[in-house]
Amino acid sequence: MAGKVKWVTDMEKSVLINNFEKRGWVQVTENEDWNFYWMSVQTIRNVFSVETGYRLSDDQIVNHFPNHYELTRKDLMVKNIKRYRKELEKEGSPLAEKDESGKYLYLDFVPITYMLPADYNLFVEEFRKSPSSTWIMKPCGKAQGKGIFLINKLSQIKKWSRDSKTSSFVTQSTKEAYVISLYINNPLLIGGRKFDLRLYVLVSTYRPLRCYMYKLGFCRFCTVKYTPSTSELDNMFVHLTNVAIQKHGEDYNHIHGGKWTVSNLRLYLESTRGKEVTSRLFDEIHWIIVQSLKAVAVNASPSLTSSTANDRILKYNLINDTLNIAVPNGEIPDCKWNKSPPKEVLGNYEILYDEELAQGDGADRELRSRSGQSLGPKASRLRDAGRTVLTTWK
Amino acid sequence: MLQEESDLSLIIAQIVQKLKGSNLYAQLERQAWASLQRPEIKLESLKEDIKEFFKISGWEKKLQNAVYSELSVFPLPSHPAAPPEHLKEPLVYMRKAQRPVGEQKELLNKWNEMGTDEPDLSLFRPVYAPKDFLEVLINLRNPNYENGDSLSFRTHLGLIQVPLKVKDIPELKELFVELGLTTGQLGIDDSTQVPPELFENEHVRIGQKVLTEQDSAAAQQYIRQGSPTALRAELWALILNISSHPEDILYYEQLKTNVIQHDLLVDSLIYKDVKLTASNDDYYFVFEDYLYQVLLCFSRDTSVLSHFAYNSASPPKSYIRGKLGLEEYAVFYPPNGVIPFHGFSMYVAPLCFLYHEPSKLYQIFREMYVRFFFRLHSISSHPSGIVSLCLLFETLLQTYLPQLFYHLREIGAQPLRISFKWMVRAFSGYLATDQLLLLWDRILGYNSLEILAVLAAAVFAFRAVNLMEVTSLAAAEAVLADLSTLKVMPLLQIFLFATVT
């Protein structure tokens, strides 16, 4: 093992820098010879862009895959999932099976979504089928809840209409791209409030697909009670859970930040709804994550800003475990590495999916467990020496 | 518990009297009449046939559960029964507190989200906090007690100076026998390291059977080994004998109406308490609005007054203005006789993890209060009363961890000053929720709060090494400030069964 890992970052975040320093890694600049570069999204774009990009050498690792925007941009993600489903259908894969009404049995996890302005007319057709429905508009390239709003009337999105009078003055390219989805207006509420899940998933390789889920994910609650009432459609404190939005609310609490750990959620659901329902819920969440990754989908820049003391500790540990998996034993990276890391380094990550391990057992297991047929002893939830495999299917 | 024959018949008579006034009695009567239509009921063997019918249809079980429920709060035979004061309670003063109609409508509309719009609380302070209560307990003396009496008590160096009888470890091991090293426990034997076939699966299966049988006593025995999360809500309801009949829901709705229509000063104390405690808690902040709903109704619930029959305390009285001292103008304030202290809302908060239907949540909390929690903030000689718990804690520490006890005393850090707040709150807000629920399982299972004192001592034992190194009360507090990572059952097991005594 020659020398220490040389690192660079263009993000002044203590949770990163403390982790690098505690490993005794050496900080260098980007013009020097580096092994590990934790890049901001802008830098990633430059490194992998056609004009300004450069090829990484065999001993260099970065924190995003070149195609990460396939997952971060909402329109690309939707396109990828739709394409993935069609591909499976063409192959005749049992995963793409549909029910009598044409709904996917196992891959129905995205609500009806259209691209605007491109699919405007298709959207209008769908909208007219159920005119009392609510839809949610999200800008393709933004994060942290910016620019999101709800509509229940066509007039509210006149701007995106292809035939609108405004389009003769405004060219297509300056009309910002949005996705519009059917709004799920009956979300699960706890304490009468809407919440979402923030889960951390690490993808170490795509081929074969190896991904890990951090056990300590969390839920983010709205500070205001949920109501589907149309008079509150533009109250973002009711509908959007992003901390960036909620922390401006009157009732935002800086001690707990309106967050719950996923294990709290699990305890609450098991206590009030029962174990089977809860286990199935988490199974399905994991399924969605793996399928999305397979369709190529991941968010580019999770916030590394910490909003509470607990948050800071969580993110420090998260980065710590991430680095342990990505750069095992602090060795200089080598692109020929292909082994699965030993279970001791996982820390608070659990194996979400390991394609190599899965293929060893035969891929048809995947479907058998999805349709609830009886499984052999190996496929049930394993508990060997402290490591729990998350999925009941492979 | 039941000592002599005459005591037994007296108790039976009292329970029969009590149950005759209950809803269950009316239902049994109706069922008995209706059963006359059935072919298997014969005139010549009427009594036996109806008894048999009750057995088969599950009504006998319901009666058993009700009797069992009465027994668990039955006062010790020598305790004088207080008169049912609430029958005389006119509550006329409530009419003076009536809210204007507009305000009523507004409150009804925001019943589900009171957390976002509370009154101005800046001028309110909690009536008292646990540390004030501790000062009162420290100053308790028994005027009949002669110093020359008990040698061992003379050497008691703790804060409590009342010589009540408390158990030692051998006696505790007998009481808590199911927590022993060779018995399976949830909270220990269900961790990911242990294959579920060894204990967990079978335990869950037994739990489901207990629920199907609807047997209160069996549930109480079962839960000593902990409750599976999915069964806990039902098991607790069974042990506390809570079922949601329409009349219970109606009662709750009436209390709610009372809240909407009348304003009470104690409401502000409740708002303040919730805002200061539960709203800042990592686990319970989500349920803020439920807490208001439960506590505001609770303070108006006069049926709570009935627990004063076995509580040696009395409900606080107030007098209509100008009529001080005249009994016919005395009223109970608040109507339920309970003044909430700082941290009171934490008794309700963990229950929100189990029950999300307001009237059920309310009933469970009320029953938990009149069976257990009231003992934690009223003065009595009961073994589960806070005075006994404090003494038990101090005695355990002084007897089995003498070095630690003396050291802490030397540096001015009497252990009770730190552990008191844990016990008064039954550890709510100090332990992680899943651990707290495992602890409360055992409170229900053993029908005793002594386990709180044992746990408090076990925590000190666990952190003894660090505590021996501190040199001030503040430093000792710091060592014991964060209990959120503790695993309750291993601590208890080691302290009771694996420590050399």
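These numbers come from a predicted model, not from an experiment. (Residues numbered from 1 in each chain as written. Chains lettered and ligands numbered in written order. Predicted model: local features only at pLDDT ≥ 70, side-chain atom pairs only at ≥ 80, totals over all residues. Heavy atoms only, no water.)

### A look at the overall build of chain B
Check the secondary structure of chain B and you find 24 helices and two strands. Here chain B holds 501 residues, and 51% of them are scored as buried. The contacts of chain B with a sequence gap of at least 6 include a subset with a gap of at least 24, amounting to 75%. Summed over all atoms, the accessible surface of chain B reaches about 23,600 Å², with 55% contributed by carbon and sulfur. (Helix = DSSP H or I, 4+ residues; strand = E, 2+ residues; numbered from the N terminus. Buried < 20%, exposed > 50% of the residue type's maximum accessible area, 1.4 Å probe, protein only. Contact = heavy atoms within 4.5 Å. Areas by Shrake-Rupley, 256 points an atom, 1.4 Å probe, with all protein chains shown as cover.)

### Section: the pairing of strand β15 (residues 349–354) of chain A
All names here are of chain A. Within β15, six of the six residues are buried, which leaves the element mostly enclosed by the surrounding structure. With five bridges joining them, strand β12 (residues 210–214) and β15 adopt antiparallel strand pairing. Within the sheet, the bridge partner assigned to R210 lies in β15 and is D354. (Pairing = 2+ DSSP bridges.)

### As for the packing of helix α12 (residues 229–239) of chain B against helix α20 (residues 433–446) of chain B
All names here are of chain B. Between α12 and α20, whose axes approach to 11 Å, the crossing angle comes to 25°. With respect to α20, the element α12 is oriented roughly parallel. In terms of crossing hand, the pair formed by α12 and α20 is left-handed. Here α12 contributes R232, W236 and I239 to the contact with α20, which in turn contributes L437, L438, W440, D441 and L444. Here the residues of the contact of α12 with α20 sort into six nonpolar, no polar and two charged. (Axes fitted to C-alpha atoms, helices over the stretch in contact; angles between N-to-C directions. Parallel < 35°, antiparallel > 145°, perpendicular 65-115°, else oblique. Left-handed = near helix turned anticlockwise from the far one by under 90°. Nonpolar A, V, L, I, M, F, W, Y, C, P; charged D, E, K, R; others polar.)

### With respect to a nonpolar patch on the surface
All names here are of chain B. A surface patch of nonpolar side chains, amounting to about 220 Å² of accessible area, comprises L8, I12 and V16. For V16, the position within the fold is in helix α1 (residues 5–20). Take V16: its relative accessible area is 42%, and that puts it in the partly exposed class. (Patch = residues over 30% accessible without salt bridge, like charges linked within 9 Å, V, L, I, M, F, W, Y side chains within 5 Å. Salt bridge = Lys/Arg side-chain N within 4 Å of Asp/Glu carboxyl O.)

### Remarks on the sheet that holds strand β1 (residues 6–9) of chain A
All names here are of chain A. Strand order in the open sheet formed by four strands is β2-β1-β3-β4, and the pairing between neighbours is parallel. Of all strands in the sheet, those bounded by a partner on one side alone are β2 (26–27) and β4 (61–62). As defined by bridge partners, β1 adjoins strand β3 (residues 36–38) across three bridges and the pair is classed as parallel. Bridge pairing in β3 links V8 to Y37.

### Some points on the packing of aromatic side chains
If you walk through the whole model with that rule in mind, you get 48 aromatic pairs over all chains. In this structure an aromatic cluster arises from ring pairing among F195(A), F221(A), W260(A), Y268(A), Y283(B), Y284(B), F285(B), F287(B), Y290(B) and F353(B). The cationic tip of K98(A) hangs over the ring face of Y104(A); the distance from NZ or CZ to the ring centre is 4.9 Å. Across the ring face of W59(B), the terminal group of K62(B) is positioned such that the distance to the ring centre comes to 4.5 Å. (Phe/Tyr/Trp six-rings, centres within 6.5 Å; stacked < 30°, edge-to-face > 60°. Lys NZ or Arg CZ within 6 Å of the ring centre and 35° of its normal.)

### Description of the pairing of strand β6 (residues 135–139) of chain A
Residue and element names in this part refer to chain A. Among the five residues in β6, four count as buried, and that is most of the element. Relative to strand β7 (residues 149–151), β6 runs antiparallel, the two sharing three bridges. Of the residues in β7, the one forming a bridge with M137 is F149.

### Things to note about the packing of helix α21 (residues 450–462) of chain B against helix α24 (residues 488–497) of chain B
Residue and element names in this part refer to chain B. Across the interface, α21 lies against α24 with an axial gap of 9 Å and an inter-helix angle of 85°. Taken as axis vectors, α21 and α24 run roughly perpendicular relative to one another. Taken together, the residues of α24 that come into contact with α21 (itself represented by I451, V454, L455, A457, A458, V459, A461 and F462) are V488, L491, L492, F495 and L496. Looking at the contact of α21 with α24, its residues break down into 13 nonpolar, no polar and no charged.

### A few points about the side chain of N19(A)
Residues and elements named next belong to chain A. With respect to the secondary-structure elements, N19 resides in helix α1 (residues 14–22). A distance of 2.9 Å separates the side chain of N19 from the backbone oxygen of Y316, its partner in a polar contact. The contacts of N19, once residues within four sequence positions are left out, are Y316, I319, N320 and L323. (Polar contact = N/O pair within 3.5 Å; in protein donor to acceptor, adjacent residues only side chain to side chain.)

### Thoughts on the interface of chain B and chain A
Across the contact, 31 residues belong to chain B and 25 residues belong to chain A. Considering only the side of chain B, the residues that lose the most area to chain A are F285(B), V286(B) and F353(B), jointly responsible for 24% of the buried surface there. Connecting chain B to chain A are one salt bridge. Between D289(B) and R193(A) there is a salt bridge, and its shortest N-O distance comes to 3.8 Å. One can count two residue pairs in polar contact (both at pLDDT 80 or more) joining chain B with chain A. Broken down by secondary-structure element, the contributors of at least two residues to the side of chain B that touches chain A are α12, α15 (288–298) and α20 of chain B. Across the side of chain B that touches chain A, the residue classes break down as 13 nonpolar, 11 polar and seven charged. (Buried area = accessible area lost by both parts, 1.4 Å probe.)

### Describing empty space enclosed by the protein
Residue and element names in this part refer to chain B. Applying the stated criterion to the full structure yields three cavities of 30 Å³ or more. If you trace the largest cavity, you find it lined by V266, I270, L295, F298, S299, N336, V338, P340 and F344. Among the elements of the structure, α14 (265–276) and α15 are those that each provide at least two residues to the lining of the largest cavity. Partitioned by chemical class, the residues of the lining of the largest cavity number seven nonpolar, two polar and no charged. (1 Å grid on protein atoms, 1.4 Å probe; cavity = no way out; pocket = protein on both sides within 12 Å on 5 of 7 lines; lining within 4 Å. Points joined across faces, edges and corners; volume = space filled by probe spheres on them.)

### Some remarks on the pattern of salt bridges
Note on pairing: side chains with opposite charge can pair once their charged atoms come close. All names here are of chain A. One pass over the structure, following the stated rule, counts 24 salt bridges over all chains. A salt bridge links E87 to R83; the shortest N-O distance between them is 3.2 Å. Of this pair, E87 and R83 are both found in helix α4 (residues 74–91), four residues apart, which corresponds to roughly one turn of the helix.

### Some details on the sheet that holds strand β11 (residues 201–205) of chain A
Strand pairing in a sheet is mediated by backbone hydrogen bonds. Such pairs are either parallel or antiparallel. Residues and elements named next belong to chain A. Pairing in this open sheet of three strands is antiparallel, and the strands run β11-β12-β15 from one edge to the other. Either end of the sheet is taken by a strand with one partner, and the two such strands are β11 and β15. The sheet shows a mean angle of 25° between the axes of neighbouring strands, direction not considered. Inspection of the sheet shows β11 paired to β12 by four bridges, in the antiparallel sense. Among the inter-strand pairings, V201 is bridged to a residue of β12, identified as M213. Those strands touched by helix α9 (residues 275–294) are β11, β12 and β15, and its axis lies near 55° from that of β15.

### Quick notes on the confidence of the model for chain B
All names here are of chain B. Here chain B shows a mean pLDDT of 84. Residues at 70 or above account for 86%. Note that pLDDT drops below 50 for residues 76–95; the model gives that stretch 30 contacts with residues more than four away or on any other chain. Among the scores for the predicted complex, ipTM is 0.78 and pTM is 0.79. (pLDDT = per-residue confidence, 0-100.)

### Some details on α1(B)
Residues and elements named next belong to chain B. Spanning 16 residues, α1 covers 23 Å between terminal C-alpha atoms, matching the ideal 22 Å at 1.5 Å per step. Within α1, the full set of buried residues consists of D7, I11, I15 and L19. For α1, the angular spread of buried residues about the axis comes to 95°, placing them on one side. For α1, exposure combined with an orientation more than 90 degrees from the buried face picks out E5, S6, Q17 and K20. (Expected span 1.5 Å × (residues − 1). Arc of directions from axis to C-beta.)

### A short note on a negative patch on the surface
A cluster of acidic residues, E32(A), D33(A), D58(A) and D59(A), forms a negative patch on the protein surface. Note that D58(A) resides in the loop between α2 (41–48) and β4. (Lys, Arg positive; Asp, Glu negative; His and termini not counted. Charge placed at Lys NZ, Arg CZ, Asp CG, Glu CD.)

### With respect to the side chain of E126(A)
Residues and elements named next belong to chain A. In this fold, E126 is placed in helix α5 (residues 120–129). A polar contact is formed between the side chain of E126 and the side chain of Y114, at a distance of 3.4 Å. In this view, E126 contacts I112, Y114 and W135; residues no more than four positions away in its chain are not counted.

### Notes on the confidence of the model for chain A
Residue and element names in this part refer to chain A. Looking at chain A, the pLDDT average stands at 78 and 79% of residues meet or exceed 70. Ranking the elements of chain A by mean pLDDT puts strand β16 (residues 383–384) last, at 30, and helix α8 (residues 262–273) first, at 93. Under a pLDDT of 50 for its full length, residues 165–172 has, in the predicted model, six contacts with residues more than four places off or in other chains. Every residue in residues 297–301 scores below 50 in pLDDT, and together they form 16 contacts with partners more than four places removed in sequence or on other chains.

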